[in-house]
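# Examination of the molecular architecture
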Amino acid sequence: MFDFKLTVRSSAAALALAMAALGTLAAGPAAADYPTKPVTLVSPYGPGGAADLAARTLSATAPGYLGNGVLVVNRTGAAGVTGSTSVVKGRKDGYTLLLARVGSQAAVPALNRKIPYRWDEYTFLGLLELNPFVLVVGADSPYRNLDDLKAAVAAGAKLSYSSAGVGTLLHVAMVMTLDEFGLPQEAMKHVPYKGGGKAAAALVGGHVDAMFQNLSGVIGNIQAGKLRALAVTTPKRVLSINDVPTVAEAGYPNLQTIVGWSGIWGPPGLPDEVVDKWVAVLDQLKTDAAWNKLTRGLGSVPSIRAPAETKAFVKAQYETFKELTERLGMTIR
């Protein structure tokens, strides 16, 4: 006997399955179309610093692979915390990403436990580059090497150094240096600025005596003869400043842990298609001649890495900073 109710139920189920299939087909191309508009890339530090330069290098080269533009926005404040917070607490649609930096994403979280995000709260899209650090002084400074600086500070010279803010790697790097010298962190006066560009300008202008900065942020002033580099943190000398010894050659190998980097982070819970798109874009940038040339021209080392490898790298550095700040009583809880 013909069962009308069973037939209706079967037809309804079939229709539901068909609609679901159509929905899946319709959603597929939309997801694959990301991005349908320009992506905002937040640089948490000011114009002219290493973060800003890395962001603008990416914005000049990634659009051809991304399929849309990349707009850099400098959202500064609180040693990178302001811009970083705006991304981690923002919309999870892939249209606002962060130019992540070692200071705002590793050093500050290790130092200050009161900030509104954890180091690992983001979606890691990939590492971009490594930034050798250099300890620099003014061109007319009497200090020619790290031992000269150590001797002056140990003898009681009232010297100062600039940084991009409390808790940034520029700050932590000098604290680590003084620790390696066997001197207290108060042995030199810390003068924080809003961004690495302003911190470097203060040194060039003679307002401070030294700074530990990303090479990319000061290489122009070094090559122009406005600053003198005393040592670089890479295991080997950097070609663009080949006359500058490494920290290991200078007798302070532990300072090799001071290395900057740039990466691309998103808020937690980014859709897979957004993550996959950026992983593919960064993979293509690995062999992009323009991006590699611009990155090396800033004194940085191209080092594009996948999300999992990136997260492991950042975790190791975060743990190093965490141990240092806790040992020296610098932790803010």
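Structure: above.
This structure is a prediction, so every number in the text was calculated from the model and none was measured. (Residues numbered from 1 in each chain as written. Predicted model: local features only at pLDDT ≥ 70, side-chain atom pairs only at ≥ 80, totals over all residues. Heavy atoms only, no water.)

Below, the discussion takes up the overall build of the protein. Regarding its fold elements, the protein presents 12 helices and 10 strands. Counting only C-alpha atoms, the protein reaches 105 × 45 × 30 Å along its principal axes. Here the protein holds 333 residues, and the buried ones make up 51% of them. When the accessible surface of the protein is split by element, carbon and sulfur atoms take 57% of a total near 14,600 Å². (Helix = DSSP H or I, 4+ residues; strand = E, 2+ residues; numbered from the N terminus. Buried < 20%, exposed > 50% of the residue type's maximum accessible area, 1.4 Å probe, protein only. Areas by Shrake-Rupley, 256 points an atom, 1.4 Å probe, with all protein chains shown as cover.)

A few words on the nonpolar core. Nonpolar side chains in soluble globular proteins generally cluster together in the buried interior. If you look at the biggest cluster of nonpolar residues, it comprises 77 residues, and the most contacted ones within it are Val134, Val136, Ile222, Trp261 and Phe321. Each residue touching Val136, except ones within four places of it in the same chain, is listed here: Leu203, Asp209, Ala210, Met211, Val218, Ile222, Leu227, Arg228 and Ala229. In terms of nonpolar packing, the next biggest core, distinct from the first, is built from 27 residues, Val39, Tyr45, Leu99 and Leu282 among them. (Core = buried A, V, L, I, M, F, W, Y, C linked by side-chain atoms within 4.5 Å. Contact = heavy atoms within 4.5 Å.)

Tracing the backbone through its elements, the reader meets Arg56 in helix α2 (residues 50–61). You can call Arg56 partly exposed: its relative accessible area is 39%. If sequence neighbours within four positions are ignored, Arg56 has contacts with Val72 and Asn74. A polar side-chain atom of Arg56 sits 2.9 Å from a polar atom in the side chain of Asn74. (Polar contact = N/O pair within 3.5 Å; in protein donor to acceptor, adjacent residues only side chain to side chain.)

A full pass over the atoms with the stated rule returns 13 salt bridges. Across the pair Asp93 and Arg91 runs a salt bridge, and its minimum N-O distance is 3.7 Å. Judged by its relative accessible area of 67%, Arg91 falls in the exposed class. Residue Asp179 pairs with Arg327 through a salt bridge whose shortest N-O separation is 3.2 Å. Of this pair, Asp179 sits in helix α7 (residues 169–180) while Arg327 is found in helix α12 (residues 307–327), placing the two residues 148 residues apart along the sequence. Asp179 gets classed as partly exposed once you look at its relative accessible area, which sits at 25%. Residue classification places Arg327 among the partly exposed positions, given a relative accessible area of 46%. Several salt bridges converge on common partners, so that one network encompasses Lys89, Arg118, Asp120 and Glu121. (Salt bridge = Lys/Arg side-chain N within 4 Å of Asp/Glu carboxyl O.)

Before going further, it helps to spend a moment on the packing of aromatic side chains. Within this structure, the stated rule accounts for nine aromatic pairs. Between Phe133 and Phe212, the ring centres sit 6.1 Å apart and the planes meet at 50°, which makes this aromatic pair tilted. With a gap of 79 residues between them, Phe133 in strand β4 (residues 123–138) and Phe212 in strand β7 (residues 210–214) connect regions that are remote in the sequence. Pair check on accessibility: Phe133 and Phe212 agree, each one buried. (Phe/Tyr/Trp six-rings, centres within 6.5 Å; stacked < 30°, edge-to-face > 60°.)

Before going further, it helps to examine the packing of helix α5 (residues 102–111) against α12. Relative to each other, α5 and α12 sit at 40°, their axes nearing to 8 Å. It follows that α5 is oblique to α12 by the angle criterion. α12 is crossed by α5, and the crossing has right-handed handedness. Here Val102, Gln105, Ala106, Ala107, Pro109, Ala110 and Leu111 of α5 come into contact with α12, specifically with Val314, Gln317, Tyr318, Phe321, Lys322 and Thr325. The class makeup of the residues in the contact of α5 with α12 is nine nonpolar, three polar and one charged. (Axes fitted to C-alpha atoms, helices over the stretch in contact; angles between N-to-C directions. Parallel < 35°, antiparallel > 145°, perpendicular 65-115°, else oblique. Left-handed = near helix turned anticlockwise from the far one by under 90°. Nonpolar A, V, L, I, M, F, W, Y, C, P; charged D, E, K, R; others polar.)

Burial analysis of strand β9 (residues 259–266) places eight of its eight residues in the buried class, the great majority of the element. Both faces of β9 are covered, namely the face carrying Val259, Trp261, Gly263 and Trp265 and the face carrying Gly260, Ser262, Ile264 and Gly266. Where strand β3 (residues 96–101) meets β9, four bridges bridge the pair, whose relative direction is antiparallel. Bridge pairing in β9 places Ala100 opposite Gly263. (Pairing = 2+ DSSP bridges.)

Neither face of strand β5 (residues 160–163) is exposed, since Ser160 and Ser162 on one face and Tyr161 and Ser163 on the opposite face are all buried. Note that β5 and strand β6 (residues 189–192) share four bridges and pair parallel. Bridging across to β6, Tyr161 finds its partner in His190. What joins β5 to β6 is α7, and the crossover it makes is right-handed. (Right-handed = clockwise from strand over helix to strand, strands pointing away.)

On to α2, then. With 12 residues, α2 extends 17 Å from end C-alpha to end C-alpha; this agrees with the ideal 16 Å at 1.5 Å per step. Judged by how many residues are buried, α2 sits mostly within the fold: nine of 12 residues are covered. Buried within α2 are the following residues: Ala50, Ala51, Asp52, Ala54, Ala55, Thr57, Leu58, Ser59 and Thr61. (Expected span 1.5 Å × (residues − 1).)

Attention now goes to the environment of Ser163. Tracing the sequence through the fold places Ser163 in strand β5. Classification of Ser163 as buried rests on a relative accessible area of 0%. Sequence separation between Ser163 and Thr76 is 87 residues, and the spatial gap between their C-alpha atoms is 14 Å.

If you check which residues of helix α9 (residues 215–223) are buried, you get Leu215, Ser216, Gly217, Val218, Ile219 and Ile222. Buried residues along α9 sit against α2, β4, α8 (196–204), β7, β8 (227–232) and α11 (289–297). Just beyond α9, the residue with positive phi is Gly225, at close to 80°.

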